[in-house]
Amino acid sequence: DAPVDREVQDRVFRAQLALAHDLSRPATVHCVGRVDAVAAAIRAERPPAVSIHGFCGSLESAAVLRRAVESCGGRCFFGFAAALRSKHTPKLLAGLRADELLAESDARD
């Protein structure tokens, strides 16, 4: 596999968030190991809502992402699927608001 060019990835990601803003549509994001970079891009591009797909980070990471979205007046949602459960999942489910949770159905049968 070729290495990921972070600069290109960040440019394309910001363009997608800007498009979500321009079209007043939510953005679906899969964030792996780059919470601060994703939060900064969200604050810069201001999408109206963000769905964090397959979230398996910590409650602290969820708070960073939520604050970034809410700082620009948006709504943040966190998606979970049974196959994506991590050691953080029980604490996350207890610590997130019910209206932030999305049940995902893309897990293997």
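Up top is the structure these notes are about.
A brief look at the structure comes next. The residue numbers shown here count from 1 along each chain, following its written sequence. Per-residue local features are limited, in this predicted model, to residues with pLDDT of at least 70; the limit for side-chain atom pairs, both in listing and counting, is 80 or more; totals at the level of whole chains, interfaces and linings are taken over all residues. To get the side-chain values, take all heavy atoms of the structure and skip hydrogens and water.

To continue, consider the packing of aromatic side chains. Two rings belonging to Phe, Tyr or Trp (six-membered ring only in the last case) form a pair when the distance between their centres is within 6.5 Å. Interplanar angles under 30 degrees mark stacking, angles over 60 mark edge-to-face geometry, and anything in between is tilted. Summed over the entire model, instances satisfying the criterion amount to one aromatic pair. Relative to Phe 78, the ring of Phe 55 has its centre 5.2 Å away and its plane inclined at 65°; by these criteria the two rings are edge-to-face. Here Phe 55 is found in the loop between β2 (49–52) and α3 (59–70), whereas its partner Phe 78 is found in strand β3 (residues 75–80), with 23 residues between them in sequence. The burial state of Phe 55 is the same as that of Phe 78; both residues are buried. Only DSSP runs of H or I reaching four residues or more are called helices, and only runs of E reaching two or more are called strands; each is numbered from the N terminus. Any residue under 20% of the maximum accessible area for its type is buried, any over 50% is exposed, and the rest in between are partly exposed; the area is computed with a 1.4 Å probe on protein chains only.

Here we come to the environment of Arg 25. Here Arg 25 shows up in the loop between α1 (6–23) and β1 (27–29). Looking at Arg 25, the relative accessible area reads 54%, which means it is exposed. Contact partners of Arg 25, with chain neighbours within four places excluded, come to Ala 20, Pro 48 and Ala 49. By definition in these notes, contact holds between two residues if any of their heavy atoms fall within 4.5 Å.

Glancing now at the packing of helix α2 (residues 35–45) against α3. For helices, the axis comes from a line fit to the C-alpha atoms of the stretch in contact; other axes are also lines fit to C-alpha atoms, and the angle between any two N-to-C directions lies between 0 and 180 degrees. α3 packs onto α2 with a crossing angle of 10° between their chain directions and a minimal axis gap of 8 Å. As judged from the angle between their axes, α2 and α3 are roughly parallel. Packed against α2, whose contacting residues are Val 35, Asp 36, Val 38, Ala 39, Ile 42 and Arg 43, the element α3 presents Ser 61, Val 64, Leu 65, Ala 68 and Val 69 at the interface. Tallied by class, the residues present in the contact of α2 with α3 amount to eight nonpolar, one polar and two charged. Working definition: roughly parallel below 35 degrees, roughly antiparallel above 145 degrees, roughly perpendicular at 65 to 115 degrees, and oblique for all remaining angles. Each residue gets one of three labels, nonpolar for Ala, Val, Leu, Ile, Met, Phe, Trp, Tyr, Cys and Pro, charged for Asp, Glu, Lys and Arg, and polar for the others, Gly among them.

A few words now on unusual backbone geometry. Backbone geometry places Ser 24, a non-glycine residue, at a positive phi of 55°. Turning to its location among the elements, Ser 24 is positioned in the loop between α1 and β1.

Turning next to the pairing of β3. By the criterion of burial, β3 is predominantly enclosed, with five of the six residues buried. Whether two strands pair depends on DSSP finding at least two bridges between them. Sheet topology note: the β2/β3 ladder contains four bridges and is parallel. Bridging across to β3, Ser 51 finds its partner in Phe 77. Bridge count for β3 against strand β4 (residues 101–103) is three bridges, and the pairing is parallel. Bridge assignment links Phe 78 to a residue of β4, and that residue is Leu 101.

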